[in-house]
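Geometric and topological summary
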Amino acid sequence: MKAQTSITQSAPAKARRALLGMAAAAMLAGGASLPVRAQDAASYPSRMIRITVPNPAGGTSDVLGRLLAKELGEMFKQPVIVENKAGGNGQIGAAFVAKSAPDGYNLLLLDMSVLTIGPSVVAQLPYNPQKDLAPITIPAYSPHLLVVRNDLPVKNIDELAAYAKKSGKPPSFGTPLASISQLAGILIAQDRGFEFNVIGYKGGAQALADLAGGQIDSAMASVVATNQLVQGGKVKAIAVTSAKPFAATPGVPTVASQIPNFVTGSWQGLLAPANTPPAVLDKLQDAVQRIVTRPEFAKHLQELGSEPSAMNRQQIAEWMRTETQRWGKVVKDNNIKAE
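An account of the accompanying structure is given in this report. Please read these numbers as outputs of a predicted model, since none were measured by experiment.

1. Things to note about the sheet that holds strand E4 (residues 133-142)
- Here we have five strands laid out as an open sheet, ordered E2-E1-E3-E10-E4, and mixed in their pairing. Only two strands of the sheet have a single neighbouring strand rather than two, namely strand E2 (80-84) and E4. Neighbour-to-neighbour, the strand axes of the sheet open up by a mean angle of 25°, direction not taken into account.
- Of the pairings in the sheet, the one linking strand E1 (residues 49-53) to E2 comprises five bridges and is parallel in character. By the bridge assignment, valine 53 is partnered in E2 with asparagine 84.
- Against the sheet, helix H11 (residues 278-292) touches strand E3 (106-111), E4 and strand E10 (266-273), its axis set at about 5° to E4.

2. Things to note about the nonpolar core
- Ranked by size, the top nonpolar core spans 33 residues in total, and within it Leu110, Met112, Leu115, Val121, Tyr127, Leu133 and Leu271 carry the most contacts.
- For this core, the element with the highest residue contribution is helix H13 (residues 313-334), accounting for six residues.
- Filtering out sequence-adjacent residues up to four positions away, methionine 112 remains in contact with Trp267, Gly269, Leu271, Ile316, Trp319 and Met320.
- Membership of the second largest hydrophobic core comes to 29 residues, among which are Leu68, Val82, Leu109 and Ala140.

3. Some remarks on the packing of helix H3 (residues 60-76) against H11
- Orientation of H3 relative to H11, taken along the N-to-C sense of each, is 115°, at an axis distance of 10 Å. The angle between H3 and H11 places the two elements in the roughly perpendicular class. Viewed along their axes, H3 and H11 form a crossing whose handedness is right-handed. Of the residues in H11, those in contact with Leu68, Glu71, Leu72, Met75 and Phe76 of H3 are Lys283, Leu284, Ala287, Val288, Arg290, Ile291 and Val292.
- Of the residues in the contact of H3 with H11, the class split is nine nonpolar, no polar and three charged.

4. Some thoughts on the pairing of strand E6 (residues 172-176)
- In terms of residue burial, E6 counts as a mostly covered element, since five of its five residues are buried.
- Summarising the sheet, E6 and strand E7 (residues 197-201) pair through five bridges and their orientation is parallel. The residue bridging serine 172 from the neighbouring strand is asparagine 197, located in E7.
- For the crossover that starts at E6, traverses helix H8 (residues 180-192) and ends in the parallel E7, the hand is right-handed.
- Relative to strand E8 (residues 218-222), E6 is paired through two bridges, and the arrangement is parallel. When the sheet's bridge partners are listed, glycine 174 is paired in E8 with alanine 219.

5. Describing the sheet that holds E6
- Spatial strand order, E7-E6-E8-E5-E9: five strands in an open sheet with mixed pairing. The sheet is open, and its two borders are formed by E7 and strand E9 (236-240), each paired with just one other strand. Each adjacent strand pair in this sheet contributes to an overall mean axis angle of 30°, direction not counted.
- Most of the contacts of H8 go to E6, to which it runs at about 150°, and overall it touches strand E5 (144-148), E6, E7 and E8.
- Those strands touched by helix H10 (residues 223-231) are E5, E8 and E9, and its axis lies near 125° from that of E8.

Rules of the game
- Residues numbered from 1 in each chain as written.
- Predicted model: local features only at pLDDT ≥ 70, side-chain atom pairs only at ≥ 80, totals over all residues.
- Heavy atoms only, no water.
- Pairing = 2+ DSSP bridges.
- Helix = DSSP H or I, 4+ residues; strand = E, 2+ residues; numbered from the N terminus.
- Axes fitted to C-alpha atoms, helices over the stretch in contact; angles between N-to-C directions.
- Contact = heavy atoms within 4.5 Å.
- Core = buried A, V, L, I, M, F, W, Y, C linked by side-chain atoms within 4.5 Å.
- Buried < 20%, exposed > 50% of the residue type's maximum accessible area, 1.4 Å probe, protein only.
- Parallel < 35°, antiparallel > 145°, perpendicular 65-115°, else oblique.
- Left-handed = near helix turned anticlockwise from the far one by under 90°.
- Nonpolar A, V, L, I, M, F, W, Y, C, P; charged D, E, K, R; others polar.
- Right-handed = clockwise from strand over helix to strand, strands pointing away.

This is the structure in structure tokens:
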């Protein structure tokens, strides 16, 4: 189990400098932003497309990216590759794409919380997610599951709150610091009038492993990450953060049924550099939407614990603005800092 970490831990100056340095290098590697001629947009794509995933191989974004790359390659008759550019909590890869040429050949696929939380927790973020990136679509949404160790005598968040108050000590909560799961956990605890003892981890998988081993009391992560443990009887799910009951987690109550309008999760977004021609964005949006609504692909998403979002580009841009404001307030109110 990881050492206890305060939720108000400050990011070391050295780490911030390293992030800025790596992001600057990513910008230079991305190339200058050049205008795209109308005829190029009309003939798009005419060469290889690269999808940057700012996380290591094997994660949710990586798996989804490779599934989409295969389908897009077949649809466009052009090679589509996935390149992992991990580092800086996802910000290195995001900065690389943000500063790439706006021609539709360098795309970004990631958990959108990197873009909506990053401006609040990273000092001097080297790009502006809302100004330097153009949303295309959200091919997969997976709500969070609040999960607890099997022997914890609770079945929902009200019982978890009652348990915390009766026991006299905060239940431990494993999470990567300054993450969407930490912020969601803080909101749930505050609404129910108790506190979590936050235990900081480098990644959600490590927290879930410790939870399954009984070393911590609770954790929160996407259905994609948690549902196999739930189905295997390793941990117990007590709440899901979708707006309505989620198909992949039958019988699990929603947080929204106890805390009105509470919706969080992992929105896997596909984006391009700002100023990419609308015709190119339209073509990509249409292609991905056709792929994710195919019965066999939709079934695969459901098996993974995800479903496609119906938001269009304009709705995603507005959602990014409101989510950035929402989480920015939580970060400020609780003095959350990146590791």
